[in-house]
Amino acid sequence: MNTHRDELIHRWREGNLSEEELHRLNEALTTPEDRAAMRGEWFLEASLPEALRTSRLLKVAELPQMRKGKG
Amino acid sequence: MSLESEAIQRAAAEFIHDRHRLGAFVNGLLRDAHVAEDVLQEVWVRLAAEVEKGTRLENQAAWCRGVARNLVRRHWEQQQSAKVVANSATLETFLDRMELAFAEVDDDPEDWVARQQALDECVATLPERSRQMLTLRYESRASMDEVARAMGQTFESVTKTLYRVRRALLECVERKLSRI
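It should be emphasised that the depicted structure is a prediction, and the values quoted were computed from it without experimental measurement.

Chemist: Which residues make up the overall build of chain B, and what are the values?
Modeler: Scanning chain B from N- to C-terminus turns up eight helices and zero strands. Ordered by position from N to C terminus, the α and β elements of chain B give α-α-α-α-α-α-α-α. Each of the three principal axes of chain B carries a C-alpha extent, and together these read 60 × 45 × 30 Å. Counting the 180 residues in chain B, one finds 26% classified as buried. At a minimum sequence separation of 6, the contacts of chain B that also span at least 24 residues come to 65%.

Shown next as structure tokens:
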């Protein structure tokens, strides 16, 4: 885990990055591993709403089966 | 079916398949889901027009990212209050880095689908309170202050919890993918 990089990624996400910090973020994204970390963050940001909706559907789908199990 | 409409259908199928990944690229740059959706729609309109003209795209995903990047830049230029300097060399380097980051998974489009499925499972295992917090922040688009008030916690506590939950989810996704 690279806390310096992760902090800059977090600050980009929150919209609080100065140009100097953006420069430092660029320097922190020079390896494929670092870029994968950034990609992972953006994946999470974009995919969480759908995953939250899916998790609610899964819960609803589980209920009838739980009731059946009890009966 | 004409060759032209076959080409459009192929392009549409690939666009739909790659939509989540392209969406993450655009949303990550813009940090605004509504504007990101508009950009995605515009990319599709331009892609369809290009295919209709008979252009053969070697790498459709890369082409779409390039168009999206230009649209994002134009959006920034139009925003009077943009926090980023739209025409700075630093920002161009950042755009290069992020285009590269997504190009690095172009040869594995299924990875994104597997990732989404893994995330669905990971979110389902979270404690109810963590899910509530995520729902407020990422579905209802509440500010951190609003999340803190709704959860009866301090701003700092919510910031730390969300950071910790996001890390846990990313690690959970990686663990699940490593087992495939």
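There is more to say, and it comes next.
Chemist: Outline the overall build of chain A, listing residues and values.
Modeler: Helices and strands together make up the secondary structure of chain A, namely three helices and zero strands. From first element to last, N terminus to C terminus, chain A shows the α and β order α-α-α. With 71 residues in all, chain A has 30% of them scored as buried.

Chemist: Break down the environment of Ser-5 of chain B for me, citing the residues and quoting the values.
Modeler: Residue and element names in this part refer to chain B. Following the sequence through the fold, Ser-5 ends up in helix H1 (residues 3–30). According to the C-beta neighbour criterion, Ser-5 is exposed, with 11 such atoms within 10 Å. Taking the C-alpha atoms as reference points, Ser-5 and Glu-174, 169 residues apart in sequence, are found 39 Å from one another.

Chemist: Run through the nonpolar core, naming residues and quoting values.
Modeler: If you look at the biggest cluster of nonpolar residues, it comprises 53 residues, and the most contacted ones within it are Leu-25 of chain A together with Phe-25, Val-26, Val-39 and Ala-68 of chain B. Of the residues that make up this core, three or more belong to each of domain 1 (3–103) and domain 2 (110–179) of chain B.

Chemist: Tell me about the domain arrangement of chain B, residues and numbers included.
Modeler: Along its sequence, chain B is organised into domain 1 (3–103) and domain 2 (110–179). Just the C-alpha atoms count here: the centres of domain 1 of chain B and domain 2 of chain B sit 26 Å apart.

Chemist: Got a sec to walk through the confidence of the model for chain B? Specific residues and values, please.
Modeler: All names here are of chain B. Of all residues in chain B, 94% attain a pLDDT of 70 or more, and the chain-wide mean is 90. Taking the mean pLDDT of every element in chain B, the minimum, 90, falls on helix H5 (residues 110–124) and the maximum, 95, on helix H2 (residues 33–52). Interface scoring of the predicted complex returns ipTM 0.84; its pTM is 0.86.

Chemist: Describe the interface of chain B and chain A, naming the residues involved and giving the relevant values.
Modeler: Interfaces are often sized by the amount of accessible area the parts lose when they come together. Contact with chain B, which involves 34 residues of that partner, is made by 27 residues of chain A. For the side of chain B that touches chain A, the secondary structure elements donating two or more residues are H1, helix H4 (89–103), H5, helix H6 (128–139) and helix H8 (155–179) of chain B. With nine residues, H4 of chain B is the single largest residue contributor to the side of chain B that touches chain A. Considering only residue class, the side of chain B that touches chain A consists of 16 nonpolar, nine polar and nine charged.

Chemist: Requested: an account of the environment of Met-151 of chain B, with residues and values cited.
Modeler: All names here are of chain B. Mapped onto the secondary structure, Met-151 falls in helix H7 (residues 144–151). In sequence terms Met-151 and Met-133 are 18 residues apart; their C-alpha atoms lie 7.3 Å from each other. Here Met-151 is in contact with Met-133 and Val-158, once residues within four sequence places are set aside.

Chemist: Could you give an account of unusual backbone geometry, with specific residues and numbers?
Modeler: All names here are of chain B. Despite not being glycine, Arg-31 shows a phi value in the positive range, around 55°. With respect to the helices and strands, Arg-31 occurs in the loop between H1 and H2. The class of Arg-31 is partly exposed, set by 15 C-beta atoms lying within 10 Å.

Chemist: If you had to explain the confidence of the model for chain A to someone new, which residues and values would you point to?
Modeler: Across chain A, pLDDT averages 84, with 85% of residues at or above 70. Per-element averaging of pLDDT across chain A places helix H3 (residues 32–70) of chain A at the bottom with 83 and helix H2 (residues 19–27) of chain A at the top with 91.

Chemist: Mind laying out the packing of H7 of chain B against H8 of chain B, listing which residues take part and the relevant values?
Modeler: Residue and element names in this part refer to chain B. Look at H7 against H8: their axes get within 9 Å of each other, and the N-to-C directions meet at 100°. Judged by the angle between their axes, H7 and H8 are roughly perpendicular. Along the contact surface, H7 presents Met-144, Asp-145, Val-147, Ala-148 and Met-151, while H8 presents Phe-155, Val-158 and Thr-159. Of the residues contributing to the contact of H7 with H8, the split by class is six nonpolar, one polar and one charged.

Chemist: Now, about the environment of Glu-4 of chain B: what can you tell me, with residues and values included?
Modeler: Residues and elements named next belong to chain B. Looking at the secondary structure, you find Glu-4 in helix H1. C-beta crowding within 10 Å serves as the criterion here: with 12 such atoms nearby, Glu-4 is assigned to the exposed category. Once the C-alpha coordinates of Glu-4 and His-34 are considered, the two residues, 30 residues apart in sequence, prove to be 31 Å apart.

Rules and cut-offs
Residues numbered from 1 in each chain as written. Chains lettered and ligands numbered in written order. Predicted model: local features only at pLDDT ≥ 70, side-chain atom pairs only at ≥ 80, totals over all residues. Helix = DSSP H or I, 4+ residues; strand = E, 2+ residues; numbered from the N terminus. Buried ≥ 20, exposed ≤ 12 C-beta atoms within 10 Å, placed from the backbone. Contact = placed C-beta atoms within 7 Å. Core = buried A, V, L, I, M, F, W, Y, C linked by C-beta atoms within 7 Å. Domains from an automatic or database assignment. pLDDT = per-residue confidence, 0-100. Nonpolar A, V, L, I, M, F, W, Y, C, P; charged D, E, K, R; others polar. Axes fitted to C-alpha atoms, helices over the stretch in contact; angles between N-to-C directions. Parallel < 35°, antiparallel > 145°, perpendicular 65-115°, else oblique.

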